[in-house]
Amino acid sequence: MSSLTNIANDIPKSTISADLAAGRKRLDSVWNGIIPGIVLVAMITGVAFSARNVSGFALFSPMILAVVAGMVYSNMLGTPAHAKAGIAFSQKRLLRFAIVLLGFQLTLGQVVSIGAGGVGIVAATLGATFVFTITLGRLIGVDAKLAQLIAAGTSICGASAIVATNIVTDARDEDVTYAVASITLFGTVAMLGFPLLAPVLGLDQHAFGLWAGASIHEVAQVIGAGFQNGTQSGEIATVAKLTRVAMLAPMVVALGLMARRGSRDQAGARPPMPWFVVAFVAIVALNSLVAIPAEVKTAMALATAVMLTMGLAAMGLQADISQLRSRGLRPLALAFSAFLFIGGFSLMLVKFVG
């Protein structure tokens, strides 16, 4: 005991004071750099979740409401400078982790349940829509990165796909916001309109569920449209949509390869396999092989929704409406054309192949 006391006495008091001061400085740096931004993002996220209880807003997911709320806040009040680091943290790291957690919502057994024909329809629709959107975007003069975001959001899974794709494409925040807004608009139209078309087109519950799952943009929109036409239709639509979500990983890898091939500096190009894609696939495999308790899955689904919403709230906070306006109507026309294409192409496959 005396030896310990002697050692402590040998340590210069100035060294202890310097270490304590350095520790306080680091804590102050974290507080002033990250915490305020996260708190602001969390407040907007809370508003987005609460707004769903208001009549008229229940049709929209918290992610969409968060983007809008963030844009309104930043463009009316301005974003505090001391909050920007925390906003950037929410936009990048939280979003990537949320995409990984999406894997808990999918198993390989669910994919198999819609049959080889259903998987084929989903895959063909996704690929054709993506190629169509990229090609049309080039023809009408839409920025390539923005066209990729619209293509991913339309063909795969709405806002989540846009976020994941942007990690590879590295588009501007305004482009991400524009893509999310346009995808939300036309996805909502599909959610409300497609169930009304089911009897007109002669689609039974199985066929309509497959069509809705293969063509409507957001997961929440697919569920809303599917169950509006019946329980069987809703279940098939959900599985078909989750199958599209599973295809997010290979699509991001493909985009990474394209970005690397198009880079002049091959050695410095970003890797074609982002870490979150590997983690996403690993979680899907784990969820397929191990019986994860329902309570855990529920908690993961909630955590995923919250983190995705926080990430999109952060994007809204960094979006400049004047720059969105400068993009003009061409990207909106591209999103509308992609919406018509995915609906028509998938319907053709369901009618004549499914």
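Residues numbered from 1 in each chain as written. Predicted model: local features only at pLDDT ≥ 70, side-chain atom pairs only at ≥ 80, totals over all residues. Heavy atoms only, no water.

Observations regarding the packing of aromatic side chains
Scanning the entire structure with this criterion turns up 8 aromatic pairs. Look at Phe194 and Trp211: their rings are 4.2 Å apart centre to centre, the planes differ by 5°, and that puts the pair in the stacked class. Placement of Phe194 in helix α10 (residues 173-201) and of Trp211 in helix α11 (residues 205-215) is noted, with a sequence separation of 17 residues between them. Overall, the relative accessible area of 8% leaves Phe194 in the buried class. When its relative accessible area of 2% is taken as the criterion, Trp211 is described as buried. Taking 5.4 Å as the distance between ring centres and 15° as the angle between the ring planes, the aromatic pair formed by Phe341 and Phe345 counts as stacked. Separated by 4 residues within a single helix, Phe341 and Phe345 lie in helix α18 (residues 330-352), roughly one turn from each other. (Phe/Tyr/Trp six-rings, centres within 6.5 Å; stacked < 30°, edge-to-face > 60°. Helix = DSSP H or I, 4+ residues; strand = E, 2+ residues; numbered from the N terminus. Buried < 20%, exposed > 50% of the residue type's maximum accessible area, 1.4 Å probe, protein only.)

Regarding the packing of α10 against α11
Geometrically, a packed helix pair is captured by the angle between its two axes and the distance between the axes. Between α10 and α11, whose axes approach to 11 Å, the crossing angle comes to 140°. Here α11 runs oblique to α10, going by the angle between their axes. Relative to α11, α10 is oriented so that their crossing is right-handed. Contact residues: α10 offers Phe194, Pro195, Leu197, Ala198 and Leu201, while α11 offers Phe208, Trp211 and Ser215. Considered class by class, the residues forming the contact of α10 with α11 number 7 nonpolar, 1 polar and no charged. (Axes fitted to C-alpha atoms, helices over the stretch in contact; angles between N-to-C directions. Parallel < 35°, antiparallel > 145°, perpendicular 65-115°, else oblique. Left-handed = near helix turned anticlockwise from the far one by under 90°. Contact = heavy atoms within 4.5 Å. Nonpolar A, V, L, I, M, F, W, Y, C, P; charged D, E, K, R; others polar.)

Comments concerning the confidence of the model for the chain
Per-residue pLDDT for the chain has a mean of 80; in total, 83% of the residues score no lower than 70. Predicted confidence for residues 265-272 stays below pLDDT 50, and this span has 13 contacts to residues more than four positions away or in other chains. (pLDDT = per-residue confidence, 0-100.)

What about the environment of Phe60?
Counting through the fold element by element, Phe60 comes out in the loop between α3 (35-51) and α4 (62-76). Excluding residues that lie within four positions of it along the chain, Phe60 makes contacts with Arg52, Leu65, Thr184 and Thr188.

Some remarks on the packing of α10 against helix α12 (residues 219-228)
At a minimum axis separation of 8 Å, α10 and α12 run at an interaxial angle of 10°. Our classification of the angle between α10 and α12 gives roughly parallel. Packed against α10, whose contacting residues are Thr184, Gly187, Thr188, Met191 and Pro195, the element α12 presents Gln221, Gly224, Ala225 and Gln228 at the interface.

Focus on unusual backbone geometry
Of note in the backbone geometry, Asp170 takes a positive phi value of approximately 60° without being a glycine. Locating Asp170 in the fold gives a position in the loop between α9 (159-169) and α10.

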